[in-house]
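Survey of secondary and tertiary structure
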Amino acid sequence: GIVVEVPDNDKESCYFQVGDRVAARFAEFPRDALAEYALVRQDVCDKVSEEALSSEDAAALAGASPATTLANRLQPGERVLVYGAGGGVGSHVCQLARTTQQVEYIVGIGKDTDRLIQSPILCHEALDYTKDDPWSVAEWQDKPFDVVVDLVGGAWERLVQQAERGEKMVVK
């Protein structure tokens, strides 16, 4: 991304300046990953030279670490629902879940469902969150997910209900 603002009280000591090209890895924040802007701590962000990396490559590197951490928590044979599957971290989680963790079934929640079921993401199914409610799909109610990865922060109420039924959840 591009730095659009630096706190007034930190302009002199801040490593970043307005206009700097950066990549950030989000360990805990920001939430609302579908937002156009993000408030980012300096310690999870670094400058990216246009000569060194494309924006796409910088985003891939920044997203690979949290995606690997999340995917490593999945077990073979699990049924996994990924909110934010179309984003940088979410798409990596889906790919790793299929290829290295060999989950039984993975559903991606995002806007571009065709992209989520095609290579390289390869979800078994995809759902457009602007058109459908993943919690109302009869098949998924009858055979619920073992793990829900929520990269958007928009499924808390349903996740709590799932946890109360003894099902696992992984939340970034």
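Here's a quick rundown of the structure. (Residues numbered from 1 in each chain as written. Predicted model: local features only at pLDDT ≥ 70, side-chain atom pairs only at ≥ 80, totals over all residues. Heavy atoms only, no water.)

1. Quick notes on the overall build of the protein
A count of helical and extended segments in the protein gives five helices and seven strands. Moving toward the C terminus, one meets the helices and strands of the protein in the order β-β-α-β-α-β-α-β-α-β-α-β. Taking all contacts inside the protein whose residues are at least 6 apart in sequence as the whole, residues at least 24 apart take part in 52%. With the model as given, the accessible surface of the protein reaches about 10,100 Å², and the carbon-plus-sulfur share is 50%. (Helix = DSSP H or I, 4+ residues; strand = E, 2+ residues; numbered from the N terminus. Contact = heavy atoms within 4.5 Å. Areas by Shrake-Rupley, 256 points an atom, 1.4 Å probe, with all protein chains shown as cover.)

2. A word on helix H2 (residues 88–99)
Here H2 contains 12 residues, and its C-alpha end-to-end distance of 17 Å stays within 8% of the 16 Å for a straight helix at 1.5 Å per residue. All buried positions along H2 are accounted for by Val89, Gly90, Ser91, Val93, Cys94 and Ala97. (Expected span 1.5 Å × (residues − 1). Buried < 20%, exposed > 50% of the residue type's maximum accessible area, 1.4 Å probe, protein only.)

3. A look at the pairing of strand E6 (residues 147–150)
Here E6 shows no split at all, with Val147 and Val149 on one side and Val148 and Asp150 on the other all buried. As paired strands, strand E3 (residues 79–83) and E6 are joined by four bridges and run parallel to one another. From the neighbouring strand, Tyr83 faces E6, where its bridge partner is Asp150. (Pairing = 2+ DSSP bridges.)

4. Points about the state of the cysteines
Following the criterion strictly, the structure yields zero disulfides and no others. The structure places no disulfide on Cys94, whose sulfur is separated from the nearest cysteine sulfur, that of Cys123, by 3.6 Å. The buried category is assigned to Cys94, whose relative accessible area is 0%. (Disulfide = S-S within 2.5 Å.)

Distances and angles like these do not, on their own, reveal function.
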